[in-house]
Amino acid sequence: MCESSKKSSASNQESQNRFALLGDIDILLEPSIPRAQPSQPNSEVNPNIETTTAPRNEISSKPSIEVPGPSNVVQTHHTVVAKKVMLATAWIKIISRSVAYKVRPLIDPCSDENFISEKVQKLLKLPTLPISAEVTGLGGQMVSRSEKLASFTIEPMNNQNLSLKVDALVVREVTGKVPSHSLNTIDHLNLPNITLADPDFYKSGPIDILLGGNLYPIILRGGVQHGILDTLVAQETIFGWIITGPSVSRIQSCCTRFKRNEKSLMRKPEFKTQYDEVMKEYLDLGHMVIDNESACDHNYYLPHHGVLKSYSTTTQLRVVFNGSSRSANGKSLNDNLYVGRTLQQDLVALITKWRFYEYVFSADITKMYRQILINPKQTNFQKIVFRCSNDEEIKDYRLNTVTFGISCAPYLALRTLLQLADDEEARFPIGAHILRNAMYVDDALVGSFSIEEALEARYQLIGILKSAKFELRK
């Protein structure tokens, strides 16, 4: 993006606004798991994971569960709802043949049983019991199937004198990343002086195990601290203090919507490629930047999607940002903005006037909105989430320029052109006249009664726009 003193900061009083972030999170309510006859444990261990040697001293074990039959149904409820909740995570050790493997569980007291991912079970070659279990979700629809129940021992990271025997249903994947989006500002806030079960509880990461309600009373200790970062609760466990409660960030629904849009784009590879190229151009030109700043009270996240214009010869795909998406307080960004008075010309009148001239030409300003910077203090109302690949972590960005989908964008863009006409009229009087009287948004419809006048008009229009780093095409 080009710098120029002629770029408008678009920082009018009309643009002052106050918002809450969007919010959403995945909530897990997990199942009841039956038992079956044991199979022979595996004899090999693959140590391709972080390890430490650790002796075992078992103090508690889980009672066995009778199996009602060879085929069983396990109910689980996994849904995406508009909640803003921090789920409890920890770091623990799985003990296999006197070697400790570090894993990250989700602690869910609402679950009847425990789960472990098939990846971890195979990697550690944990002994299993044969089982036939269907995992069903809301409405009775089967979401997974398990044929193995793994048995293993777990220990806290900082206490080798405690251990628990665990039976867990083996599933392909326990859940997605928790939290679904890293809350990068929490580590800058004042946390109490306690030993956290998961020091990086605010960072998005994979879940290897789910520890359910049958273990919850065993791992729980007496300490409770309320009001952590105003909204969270810390509970003491044998693993350290776990953090739960309403999240201090409310961007989860924006991430959920982005993932849904991303999944749709994956079904159209060409469309996805174009979308990523547009967003990369935003970064390369400085039209958006990674948001590394600390949390602030007033901000807003813009959902975004692509609009394909196959008829366009210049920009076939345009990324549009939804400033009308409602936030947690029921208001959208556009609800809180002054739109500004109408500045654009009447198109019919403009074309009619244009046809009176003997010589005419037309042109449009390249990426006009994106050439106009807004006040940096207001970019916190133009945050987005994005990633090029689903293998990457979703990151926060700020849009630095006037943005499609914001209600005041047309006013800000045209008001900038009118200011440019005032500033440069002494050098480019014809160019200033064109900006005031012959523009329809970013399109110039210019006419003259002689070739010489037309050439001079073209020269001055190019000159006045170039002084503010605007470029013409066509």
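Predicted model, so just to flag it, every value in this text is computed and none were measured. (Residues numbered from 1 in each chain as written. Predicted model: local features only at pLDDT ≥ 70, side-chain atom pairs only at ≥ 80, totals over all residues. Heavy atoms only, no water.)

Caption draft 1: Molecular detail of unusual backbone geometry. In this structure, Pro179 follows Val178 across a cis peptide bond, with omega equal to -15°. Looking at where Pro179 falls in the secondary structure, it is placed in the loop between β12 (164-171) and β13 (209-211). Positive phi, close to 45°, is recorded for Lys367, a residue that is not glycine. By secondary structure assignment, the location of Lys367 is in the loop between β20 (359-365) and β21 (383-386). Positive phi, normally seen in glycine, also occurs at Val441, with a value near 60°. Looking at the secondary structure, you find Val441 in the loop between β23 (439-440) and β24 (443-448). Classification of Val441 as buried rests on a relative accessible area of 18%. (Helix = DSSP H or I, 4+ residues; strand = E, 2+ residues; numbered from the N terminus. Buried < 20%, exposed > 50% of the residue type's maximum accessible area, 1.4 Å probe, protein only.)

Caption draft 2: A look at the sheet that holds strand β22 (residues 395-399). Strand order in the open sheet formed by three strands is β17-β22-β21, with antiparallel pairing between adjacent strands. In this open sheet, the two edge strands, each paired with only one partner strand, are β17 (288-290) and β21. Adjacent strand axes in the sheet meet at a mean angle of 35° when their direction is disregarded. Examined bridge by bridge, β17 and β22 share three bridges and lie antiparallel to one another. Across the sheet, the residue bridging to Val289 is Arg398, located in β22. (Pairing = 2+ DSSP bridges. Axes fitted to C-alpha atoms, helices over the stretch in contact; angles between N-to-C directions.)

Caption draft 3: Structural view of the confidence of the model for the protein. On average, the protein scores 78 in pLDDT, and the residues at 70 or more come to 75%. Within the model, pLDDT remains below 50 along residues 75-83, and this stretch shows 38 contacts once partners closer than five positions in the same chain are excluded. (pLDDT = per-residue confidence, 0-100. Contact = heavy atoms within 4.5 Å.)

Caption draft 4: Representation of the sheet that holds β20. Ordered in space as β23-β24-β20-β25, the four strands form an open sheet in which the pairing is antiparallel. Bordering the open sheet on either side are β23 and β25 (472-473), each of which pairs with just one other strand. In terms of strand pairing, β20 meets β25 through two bridges, oriented antiparallel. Within β25, the position partnered with Ile365 by the bridge is Leu472.

Caption draft 5: Quick look at the side chain of Ser467. Within the element layout of this structure, Ser467 appears in the loop between α8 (451-466) and β25. On the basis of relative accessible area, Ser467 is assigned to the buried category, the value being 19%. Within polar-contact distance, the side chain of Ser467 engages the backbone oxygen of Ile464 at 2.5 Å. (Polar contact = N/O pair within 3.5 Å; in protein donor to acceptor, adjacent residues only side chain to side chain.)

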